[in-house]
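Residue strings, one per chain:
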Amino acid sequence: MRRTLSILGSSGSIGQQTLKVAQACGHAVAAITVNRSVELAEAQARQFRPRLAVAVDENAAAELRVRLADTDTRVLSGPEGLLEAAGLPEADTVVTAIVGVAGLRPTLAAIDAGKRIALANKETLVCAGELVMARAEEKGAEIVPVDSEHSAIFQCLQGCKNRGEVRRLILTASGGPFFGRSREELAQVTRAQALRHPNWAMGAKITIDSATLMNKGLELIEAMRLYSMPPEKIQIVVHRESIVHSLVEFEDGAILAQLGSADMCLPIQYALTWPERTPGPAKPLDLLSCPPLTFQRPDPETFRCLGLALECAQRGGTSTAVLSGANEAAVELFLQEKITFLDIPRLVEGALGRVSALDRPGLDEILSADRAAREAVYDSVR
Ligand code: MG
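Residues numbered from 1 in each chain as written. Predicted model: local features only at pLDDT ≥ 70, side-chain atom pairs only at ≥ 80, totals over all residues. Heavy atoms only, no water.

1. A closer look at the sheet that holds strand β1 (residues 4-8)
We count it as follows: Any two strands with at least two DSSP-identified bridges between them are counted as paired. To qualify as a helix, a DSSP run of H or I must reach at least 4 residues; to qualify as a strand, a run of E must reach at least 2; elements of each kind are numbered from the N terminus. Axis lines are fitted through C-alpha atoms, for helices just across the contact stretch, and the angle between N-to-C directions can take any value from 0 to 180 degrees. Two residues form a contact once any of their heavy atoms are found within 4.5 Å.
Spatial ordering of the open sheet is given by β4-β3-β2-β1-β5-β6-β7, a layout of seven strands whose pairing is parallel. Each edge of the sheet is formed by a strand with only one pairing partner; in this case those strands are β4 (74-77) and β7 (143-145). Direction aside, neighbouring strands of the sheet carry axes that sit 20° apart on average. Alignment of strand β6 (residues 116-119) against β7, held across three bridges, turns out to be parallel. Bridged to Ile117 within β7 is Ile143. Those strands touched by helix α5 (residues 104-112) are β1, β5 (93-96), β6 and β7, and its axis lies near 150° from that of β6.

As structure tokens, this is what we get:
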């Protein structure tokens, strides 16, 4: 099964691993997009010869245009460039690997164009999951998750003809670099320590989200939307070894799990080839050299971001967009070393208190809740 890909966010961790999968498995690349990583975009364009390359930043696009002048790759800029890449007629599959709410409009554009969505942008479903899933159903667009936990659940659900047979979903969490620490200890952690994930090599934003456990909270909301499950039917267990990527428990008590090495190439590849499986570059798992597998309870009081996400999962409406927007802004400030690690949940909680939540929001209401949440965070550190 050969696919033709449009990769939104090709310079990021998922984007680069998607290109690795494309190269190993012979998928074609029709479009790549970056924010401003001109050098990498040029190298990717020369290797994969896409029809379209987008740099969202105007200056970066101008430079990329000069660098690629001797090739057949057209260069576009701005959010319109992203939308063009999302709906490109040559592509049958759009990999949405842009971080944050910036991925929402391009994902909707790809759905409207009837593409398969290899979904690697969790904020899209956290902010606008009901709207996005309804639109995908209406347009007949397939959404296949790339997030390792959701891919694991998706794989365990293959062959399940009646979703009513699912008793609950079990999301595994690595626990991040600070699992087991007290709030006093968390008050001292630095940016460099938070960026050192024990098992996974990922982008900066998601690595910080893993350290605060916000990532698992966002993933619970993502799972609710993908699989139409209420939050009380989704359990989070800490699994330090990151070998069991998630599980599904059925009504008869059977639990199916998907295991593998901590290598995103497998979920990326499965999102492209589903329902088929093909050989690929993912590192195989050797059961005989695995450490013992352990499962523990998470602590949403110490890791307050997880507690806040669980509250928003219950509340619904725009509260999940406020959660996500405030968290994006707070993580950005933490990465700039303007706030401390424990300021992240404090600022997110502040934003949740200040921005009023709406039920059944449309796209504009979701985007304005996101903006208001960011403003609330920036305001409180001014
Ligand atoms: Mg994940």
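2. Quick word on the nonpolar core
Within soluble globular proteins, side chains that are nonpolar generally end up buried alongside one another. Rules: Put simply, buried Ala, Val, Leu, Ile, Met, Phe, Trp, Tyr and Cys residues joined by side-chain atoms within 4.5 Å make one nonpolar core. Note on exposure labels: buried denotes an accessible area under 20% of the residue type's maximum, exposed denotes more than 50%, and partly exposed covers the range between, all computed with a 1.4 Å probe on protein chains only.
Membership of the largest hydrophobic core comes to 122 residues, with the highest contact counts inside it found for Leu104, Leu169, Tyr227, Leu323 and Phe341. Contacts of Phe341, omitting those with residues within four sequence positions, involve Phe178, Leu186, Val189, Ala194, Ala211, Thr212 and Phe334.

3. Overview of the pattern of salt bridges
If charged atoms from side chains of opposite charge come close, those side chains can pair. The cut-off we apply is this: Salt bridges, as used here, are contacts in which a Lys or Arg side-chain nitrogen is within 4 Å of a carboxyl oxygen on Asp or Glu.
Evaluation of the coordinates by the stated rule reveals 28 salt bridges. Of the charged contacts, one joins Glu42 and Arg46 as a salt bridge, the two residues approaching to 3.0 Å between their closest N and O atoms. Taken together, the positions of Glu42 and Arg46, both in helix α2 (residues 38-48) and four residues apart, correspond to about one turn of that helix. The exposure class of Glu42 is buried, given its relative accessible area of 17%. On the accessibility criterion, Arg46 (36% relative accessible area) is partly exposed. A salt bridge links Glu90 to Arg51; its shortest N-O distance comes to 2.4 Å.

4. Comments concerning the side chain of Lys115
Inclusion rule: Only four residue types enter the charge count, namely Lys and Arg as positive and Asp and Glu as negative; His and the chain termini do not. As used in this structure description, the phrase polar contact means that two N or O atoms lie within 3.5 Å; if the pair is within protein, one of them must be able to donate a hydrogen and the other to accept it, and residues adjacent in sequence are counted only when both atoms belong to side chains.
Within the secondary structure layout, Lys115 lies in the loop between α5 and β6. One buried charge, Lys115, has no salt-bridge partner; the nearest side chain with opposite charge is Glu90, at 7.0 Å. There is a polar contact of 2.6 Å between the side chain of Lys115 and the backbone oxygen of Ala91. When neighbours within four sequence positions are excluded, Lys115 is seen to be in contact with Ala86, Gly87, Leu88, Pro89, Ala91, Asp92, Val94, Ala110, Ala141 and Glu142.

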